[in-house]
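# Structural characterization, general
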Amino acid sequence: MLRRGQDRSPGTSNRPDRRRGMPCSAAAGGFKPNGPAAVHRYQGGYMRYSEMFLPTAREVPSDAELISHQLMIRAGMIRKLAGGIYSYLPFGLRAIRRVEQIVREEMNRAGAQEVFLPMVQPAELWQESGRWVHYGKELLRFRDRHDREFCLGPTHEEVITDLVRNELKTYRQLPRNLYQIQTKFRDEIRPRFGVMRCREFGMKDAYSFDADEEGAENSYRRMFEAYQRIFTRCGLDFRPVEADSGSIGGSFSHEFMVMADSGEDAIAFCGDCRYAANLEKAEVARPGESAGEGEPLPLREVHTPGAKTIDAVCAFLEVSPSAVVKTLIFTADGVPVAVLVRGDHEVNEAKVKNLLGCDLLELADEAVIRAVTGSPRGFAGAVGIKARVVADYSLRGAANWVMGANREDYHLVNVAPGRDFTVTEFADLRVIRESDPCPRCGQRIRIARGIEVGHVFKLGTKYSKAMQASYLDRNGREQTMIMGCYGIGIGRTVAAAIEQNHDADGIVWPLPLAPYQAIVTPVNVNEPALAEAAERIYRFLEGQGLDVILDDRDERAGVKFKDADLLGIPFRITVGPKRLAEGNVEIKIRRSGEVVTLPVDEAGTFILARVREGL
RNA sequence: CGGGGCGUAGCGCAGCCCGGUAGCGCGCCUGCUUUGGGAGCAGGAUGUCGCAGGUUCAAAUCCUGCCGCCCCGACCA
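Given the structure is predicted, the values throughout are model-derived calculations rather than measurements.

### Topic: the pairing of strand E24 (residues 482-489)
The buried fraction of E24 is high, at eight of eight residues. In this sheet, E24 lies alongside strand E8 (residues 200-210) in antiparallel orientation, the contact comprising eight bridges. In the strand pairing of E24, Tyr207 is matched with Cys485. The sheet contact formed by strand E21 (residues 445-460) and E24 spans six bridges and is antiparallel. From the neighbouring strand, Gly454 faces E24, where its bridge partner is Ile488.

Printed below as a string of structure tokens:
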């Protein structure tokens, strides 16, 4: 029940009454947050620390693994509501808004137009694209009161394609690029790392529609360039890497990776040239060297009791893993296939999948292994196997390999491909390794870890075909639109920025992402002179359009300093008795730790100039 | 879904083996002293011990089931 007398809309409360310990001196300068003097997207709002909802914590909940996750909790940015579902508190939301704003500006600049699509989507659309069946359990499905099926959108290809096919009819209306910043829901099997990998998350997704291949490539390139600008503006150390584009082929998929040891993805890159790809995609240069060289010797079967692993076989026969052939049995859409790589290499399933052109590739179970090899797991080999055999390039031309004998507790030695068994096809099927030669320039490949913050992908006609998004070309003939999709994980970008920008004391925001650019810290609010000087500087900066906090809390200086460091605010203006007696204040730069002493009246302009040059 | 671990005050944890009065640090409240890097002293509040059964005179503790959370493996911004 609403009691009228107490009804109070936000913003009408009597703010000055609620200030404690801060004398209300005349404001220096005008108060025009969004005026022409603004150097930054002013977010406004409560900025007196004593009134803010900014719960910082000295201790971290034990379930936070990543540093960024810990710091986001400690700095009062997020709180967990349920597994993989987080609330953003004001400080965290400000960081999110910074990224969103940069993304918006660059998307708009690249010619994309913002839309806002429903998060709740009808099953029919997904049935049309075929993903109602194929998307799997990550798609959260439910029924409404009329028993109609819906899902929470994990992505919006269906919705956007539906929208576009209804509205765009002719080549004259193409190309178009539409984007939105929306909350997505993916019912992840295992959410983890806080906001880095959660179920509900904010994402910018853009979709381009073109009339022809050339146009689609152009759209792709524009997005690629926009992404470079976005992550550069965010102040991140990132790298675009080639990603596996599945059936579409070509290099029309790039992931934007923020370099971080804590990243979930490994990427291969060349120290010399620009080549960079994720591990799944990274091509392995055709090899020259191989183990097992020399004249083919007679094939021989040896007893290797219990040697079910490469290591065990090597130890038993006293050979190196590179002299052994690893035979893995997969089922490709239900059909068994033997995949051969060297014992010291790893099979790259994505490459196998692309080679075979199958939808589902799985390691075979014990029953299938027995059926095609006639032996239990651990002794598979290609000689006499009842399955198609594909092999990595590294096995070609070389002889005298060690290989499973398809017989329990036995291996073959001196195996020669071609003589002893037939390889259906040689291909690049292994995972690239550190120090492998770069497929482009031949220099050494290095491996590093990264966080995927963005992905650009040429979709082709996958959705437009399934959902009949077509247009009439200039000859009046019906054509299928060519699509691209382009995502950026907003929350993840913030987390990645923290992952890359922190120290023992807390976050060290890159200026463009900082929720506030400056914090004014009077060392003791009970001393009117300090409080007054602080207030003056605070008002000046706010009036100039900066987002700035006045730490007017009646706390000890140490507490305020620790909080300011934890929050990672780029500039701290310390107003203390000793310096103020000389008419000065101190400015501490969070990133460098550098301290500058300046007259009170110059502090504001100093900060302003530094913020200007840093944005 | 398989393997491992954890649920005790807002947060971090002890207590559980060997059943009997629920405890420590931080935070919070009051007072005094302090006031440039998470202050000191004194006093104080806070718990359906994850939930539901069971065993027992008695369960945080032993048993069973369930739920939640975290970590390791197959998916992805």
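### Some words on the domain arrangement of chain A
When the domains of chain A are assigned, the result is domain 1 (19-47 + 516-614), domain 2 (93-283 + 445-496) and domain 3 (300-427). Tallying the contact residues gives seven residues for domain 2 and four residues for domain 3. Note on domain 2 versus domain 3: buried area summed over both sides is about 330 Å², and carbon and sulfur give 35% of it. Counting every contact that joins domain 2 to domain 3 gives zero salt bridges. Between the two partners, domain 2 and domain 3, sit three residue pairs in polar contact (both at pLDDT 80 or more). Split into classes, the residues belonging to the side of domain 2 that touches domain 3 amount to two nonpolar, one polar and four charged.

### Description of unusual backbone geometry
Along the chain, Leu174 connects to Pro175 via a cis peptide bond; the corresponding omega equals 0 degrees. Its location among the elements puts Pro175 in the loop between helix H6 (157-167) and strand E7 (176-185). Phi at Glu318 is positive, roughly 55 degrees, even though this residue is not glycine. For Asn400, which is not glycine, the phi dihedral falls at a positive 60 degrees. Secondary-structure assignment places Asn400 in the loop between strand E17 (388-392) and strand E18 (401-404).

### Concerning the sheet that holds strand E14 (residues 325-332)
Pairing in this open sheet of five strands is mixed, and the strands run E16-E14-E15-E17-E20 from one edge to the other. Among the strands making up the open sheet, the edge pair consists of strand E16 (361-363) and strand E20 (425-427). Neighbouring strand axes in the sheet, compared pairwise and without regard to direction, differ in orientation by 35 degrees on average. Sheet topology places strand E15 (residues 335-342) next to E17; four bridges connect them, and they run parallel. Note that in E17 the partner of Val337 across the bridge is Arg388. Here helix H10 (residues 366-373) sits on the sheet and contacts E14 and E15; the angle it forms with E14, its principal contact strand, is near 115 degrees.

### Considerations on the environment of Ser253
As for its placement among the helices and strands, Ser253 is situated in strand E10 (residues 253-259). You can call Ser253 buried: its relative accessible area is 0%. With 186 residues separating them along the chain, Ser253 and Pro439 place their C-alpha atoms 18 Å apart. Residues in contact with Ser253, not counting those within four places in the same chain, are Tyr220, Val241, Glu242, Ala243, Asp244, Ser245, His455, Val456 and Phe457.

Criteria and thresholds
- Residues numbered from 1 in each chain as written.
- Chains lettered and ligands numbered in written order.
- Predicted model: local features only at pLDDT ≥ 70, side-chain atom pairs only at ≥ 80, totals over all residues.
- Heavy atoms only, no water.
- Buried < 20%, exposed > 50% of the residue type's maximum accessible area, 1.4 Å probe, protein only.
- Helix = DSSP H or I, 4+ residues; strand = E, 2+ residues; numbered from the N terminus.
- Pairing = 2+ DSSP bridges.
- Domains from an automatic or database assignment.
- Contact = heavy atoms within 4.5 Å.
- Buried area = accessible area lost by both parts, 1.4 Å probe.
- Salt bridge = Lys/Arg side-chain N within 4 Å of Asp/Glu carboxyl O.
- Polar contact = N/O pair within 3.5 Å; in protein donor to acceptor, adjacent residues only side chain to side chain.
- Nonpolar A, V, L, I, M, F, W, Y, C, P; charged D, E, K, R; others polar.
- Axes fitted to C-alpha atoms, helices over the stretch in contact; angles between N-to-C directions.

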